[in-house]
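# Results of the structural survey
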Amino acid sequence: MEKGPKIIVEPPGPKAREIINISKRYLATTTRDFPLVIAKMENDLIEDVDGNIYIDFAAGIAVANVGNRNPEVLEAVRNQLEKFIHSAPHDFYDDIQYRVAKLLTEITPGNFEKKVYFGNSGTEAVEAAIKLAKRATKRPRLISFIGAFHGRTLGSLALTASKPVHQKGYFSTIPGVEHVPYAYCYRCPFKLDPASCDVWCARYIEEVLFQSYVPPEEVAAIVVEPVQGEGGYIVPPKKFIQELRRITDKYGILLIVDEIQSGLGRTGKLWAIEHFDVVPDIMSSAKAIAAGLPLGATILRANLDFDEPGAHSSTFGGNAVSLAAALANIEYIIKNKLHERAAKLGKKALKRLKEAQEEINIIGDVRGLGLMIGVEIVKDKETKKINKEARDKIIDSALKKGLVLLPTGKSVIRVAPPLTIDEDHLEKGLDILIKAIKEFS
Ligand SMILES: Cc1ncc(COP(=O)(O)O)c(C=O)c1O
């Protein structure tokens, strides 16, 4: 594919409109809302069915860390397709499952014996984490955070708290989940000053929740995203996560860290939790783990393993083709130090966006780690009122200029390109984004 962007017809063009109309007739409603009909993807570029070429700042929701259709991943997938596709991987052994599991245990934080459970998605990785924690501790309760997103199946949905629409009509999910405020310092839920609050939101768990109605000895796990993804790309202070580790250690509670969106180099380290010098007991990974093929992994302290066969299992989890992709993908990230590249490019992008923030009144906050950057759009800097309308218009306008963006949170634009993005494309994409924001300020 040539360099981007190139807009030859305003999206959605005629072919795109036709496909959108027929899709609306046959596809069940999901979040699908963008007039983008994809024909081809290559590294950091997306071509639509009308021949427009866009710069990709979405990476398929932080999935294509190694770029879309990474050649080394394609090669590994092709080789695996020549051997076998599906083997009932939770019933039979093969020579790929243990290799990916071993690699994951080696590259995740924690100098102790670990094991890996494979599922097919993020939500399944979280479901497995919930089951492991409950079964190992024999405790019934869980603590999660306001703004969290851990998935949409009923177990993980019970932890999710980023938008009411996710929960609406599905009550009850699993019982015993308590939601507490996250360290969203730009909009502190306690209206405190982060410079002097001493992470009250974390201490609240011990000093309010445990003192009022949640017996800590009934809590199996605290589940946390090291950077909130769907909540709005929110980076908490280091001490917040460290305080969670202190509390969990004190009460024999497990710390489950959800790295589904933040992992595999996205934040400038292999795992976002490394920014906080904290070691979790259980970690969930998915999205970028297999470069676009469906795979979820739950990495656990070996002593938390299920105590008997059949306690948890799946037909497809650990599918050989996904695992072949995962092996090539993870090796590619490590070999090419993509996490370091994300840190370097992320610093540049953050600097440009912060400069834009100085100048543009509707950019309330710019925050991020590596190439996981959130730009929070507000009515004005003084009131900080959310401005979803402008945020959505900015994303539409950017698309028309050749940049694919995704929203997050209530009023945030996410900047999450492939970590392999061409530097020129990153600059051009930022030019488009800043120009689009200016149009609505
Ligand atoms: C942090 C986090 N956990 C879990 C999930 C759920 O993943 P999936 O959509 O693959 O079920 C997501 C998806 O956005 C996520 O960002």
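Residues numbered from 1 in each chain as written. Predicted model: local features only at pLDDT ≥ 70, side-chain atom pairs only at ≥ 80, totals over all residues.

## A short note on the packing of helix H4 (residues 97-107) against helix H10 (residues 320-335)
Interaxial distance between H4 and H10 falls to 9 Å at its minimum, and their mutual angle equals 35°. Relative to H10, the crossing made by H4 is left-handed. Here H4 contributes Gln 97, Arg 99, Val 100 and Leu 103 to the contact with H10, which in turn contributes Leu 323, Ala 326, Leu 327 and Ile 330. Across the contact of H4 with H10, the residue classes break down as 6 nonpolar, 1 polar and 1 charged. (Axes fitted to C-alpha atoms, helices over the stretch in contact; angles between N-to-C directions. Helix = DSSP H or I, 4+ residues; strand = E, 2+ residues; numbered from the N terminus. Left-handed = near helix turned anticlockwise from the far one by under 90°. Contact = placed C-beta atoms within 7 Å. Nonpolar A, V, L, I, M, F, W, Y, C, P; charged D, E, K, R; others polar.)

## Remarks on the sheet that holds strand E2 (residues 45-48)
Spatial ordering of the open sheet is given by E1-E2-E3-E13, a layout of 4 strands whose pairing is mixed. The strands lining the two open edges of the sheet, one partner per strand, are strand E1 (38-42) and strand E13 (403-404). Relative to E2, E1 is paired through 4 bridges, and the arrangement is antiparallel. When the bridges of E2 are listed, Glu 42 appears paired with Leu 45. (Pairing = 2+ DSSP bridges.)

## Quick notes on the domain arrangement of the chain
Under the domain assignment used here, the chain contains domain 1 (14-56 + 337-439) and domain 2 (73-335). Taking the mean C-alpha position of each, domain 1 and domain 2 sit 26 Å from one another. Facing 22 residues of domain 1, the contacting portion of domain 2 comprises 19 residues. For the side of domain 1 that touches domain 2, the elements supplying multiple residues, two or more each, are helix H11 (338-359), strand E11 (363-369), strand E12 (372-377) and strand E15 (412-415). At 5 residues, the largest contribution of residues to the side of domain 1 that touches domain 2 is made by H11. Looking at the side of domain 1 that touches domain 2, its residues break down into 9 nonpolar, 7 polar and 6 charged. (Domains from an automatic or database assignment.)

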